Amino acid sequence: MKYILPGIITITFIVMLSNCTGNSKESDKAVYSEADLSMGFNLVETNCFACHNLNPDMTTRVAPPMAMVKTHYIEKNTTQEQFINDLTHFMKNPNEKDTKMPGAIKKYGIMPKMMFSDEQLRAIAVYIYQTDIEKPEWFAEHYEEEKQKYQQKLNSANPTHVEQGLKYAMATKAVLGKNLLNAINTKGTEGALAFCNEKAIPLTDSMQNQLSISIKRVSDKNRNPDNAANLDELEYIMKSKHLLEDGEEIKPAIQEKGEKIVGYYPIMTTQMCLQCHGLPEKDIQAGTLSKLSSLYPEDKATGYGENELRGIWVVEMKK
Ligand code: HEC
Ligand code: HEC
């Protein structure tokens, strides 16, 4: 089977931003490109806003709004480089020791870890730093504008839909993640089990209706019999597991199948997953365990540790 790695958006001009606003927050000048902003916007929109809501809705909130995060990461003299470093540092390994928002951890629990390359983290940080996301009027006045501006770029730079497919997988993941966190916070692990059991598949279905492409989650060690990986999927999973064993990074992959393009995207475990996918008794409490075995008599999805490949997203797109 042949994999083609997704192309990277290449927009080349560099913007040197001199400090014309007279605001000396920026040390001197910050260097970033239009491509950073475009990539950053798309990553933030797809991966962050589902949890870091823009419009405050206290009832479904699972994380502090992005504006609040930003203000905790920027003090009077924080430079762009420092902001990039601090954000990247936390994103790579969310933990209590490195937090700048201990109150948020107490209230919501630690943020699940996500997998981004250094380049992506930089773009995310640059975007958050450079836009006025923290201003109350930003969402009402600029969000739609930015969406159109940057999504157009993404589309025109990607005639193959490859990047788009990955974007859909990430969007679905963020929505699932948000709903899962919300269920755990409000109903506890056992209560959240019901959410995964009843809502995970319908939720991925509703995303695909919305996006008119197909998305599913599968695994080599599946819990739900409907989520078993087929041979092509298994091949990608095995290959990725070998890479992980060798300490290498796994990357999304694309396969052409007749009229379709199929994208594979890794789903890694974080600390948060272990209460339902970790070691029985040690990580998974007795009550949860007995519920699991009655719902899924053939459950293979336990025994995981942190940072392991739990499964993959499979995104099917028309050519
Ligand atoms: C599944 C929900 C979820 C998603 C998706 C998510 N976050 Fe978070 N994030 C949280 C929660 C919960 C907290 C508060 C607890 C904490 O600080 O770890 C948080 C806190 C943070 C913090 C503050 C960390 C600290 O404690 O100092 C940063 C920075 C952050 N998120 C950035 C991001 C960025 C950037 C993205 C998108 C790439 C993102 N988050 C996506 C849930 C999420
Ligand atoms: C509250 C318990 C719970 C938590 C926490 C949880 N899961 Fe699951 N997970 C489930 C259940 C239940 C299913 C079966 C869903 C179904 O029937 O479709 C499942 C299914 C899955 C599947 C689909 C493949 C399969 O085995 O059927 C993947 C992939 C997955 N989980 C990944 C994760 C990851 C990654 C995390 C952490 C970020 C996580 N889960 C956290 C309970 C949980």
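Let me begin by describing the structure that accompanies this report. As the structure is a computational prediction, the values presented were derived from the model and not from experiment.

### Details of the coordination of the iron atom of ligand 2
- No protein donor other than H277 (NE2) coordinates the iron atom of ligand 2, and that contact is at 2.2 Å.
- Tracing the backbone shows H277 in helix α9 (residues 274-277).

### Observations concerning the coordination of the iron atom of ligand 1
- Binding of the iron atom of ligand 1 to the protein goes through H52 (NE2) and M111 (SD), at separations of 2.0 to 2.1 Å.
- Take H52: its relative accessible area is 12%, and that puts it in the buried class.

### Some details on the site of ligand 1
- In the vicinity of ligand 1 there are 28 residues, among which C48, C51, H52, T99 and M111 approach most closely.
- Between ligand 1 and the protein, one listed contact pairs an oxygen atom with a side-chain N or O atom of Y73 at 2.6 Å.
- A distance of 3.0 Å separates an oxygen atom of ligand 1 from a polar backbone atom of M111.
- For the shell around ligand 1, the secondary-structure elements that each account for two or more residues are α2 (66-73), α3 (80-92), α4 (102-108) and α7 (162-211).

### With respect to the site of ligand 2
- Taken together, 22 residues sit near ligand 2, with R223, C273, C276, H277 and Y296 positioned nearest.
- In this structure, N227 approaches ligand 2 through a side-chain N or O atom, which is 2.8 Å from an oxygen atom.
- Contacts to ligand 2 include R310, whose side-chain N or O atom sits 2.7 Å from an oxygen atom.
- For the shell around ligand 2, the elements supplying multiple residues, two or more each, are α7, β5 (260-268) and α9.

What counts and how
- Residues numbered from 1 in each chain as written.
- Chains lettered and ligands numbered in written order.
- Predicted model: local features only at pLDDT ≥ 70, side-chain atom pairs only at ≥ 80, totals over all residues.
- Heavy atoms only, no water.
- Donors = N, O, S within 2.8 Å, 3.2 Å for Na, K, Ca; no water.
- Helix = DSSP H or I, 4+ residues; strand = E, 2+ residues; numbered from the N terminus.
- Buried < 20%, exposed > 50% of the residue type's maximum accessible area, 1.4 Å probe, protein only.
- Near = heavy atom within 4 Å.
- Polar contact = N/O pair within 3.5 Å; in protein donor to acceptor, adjacent residues only side chain to side chain.

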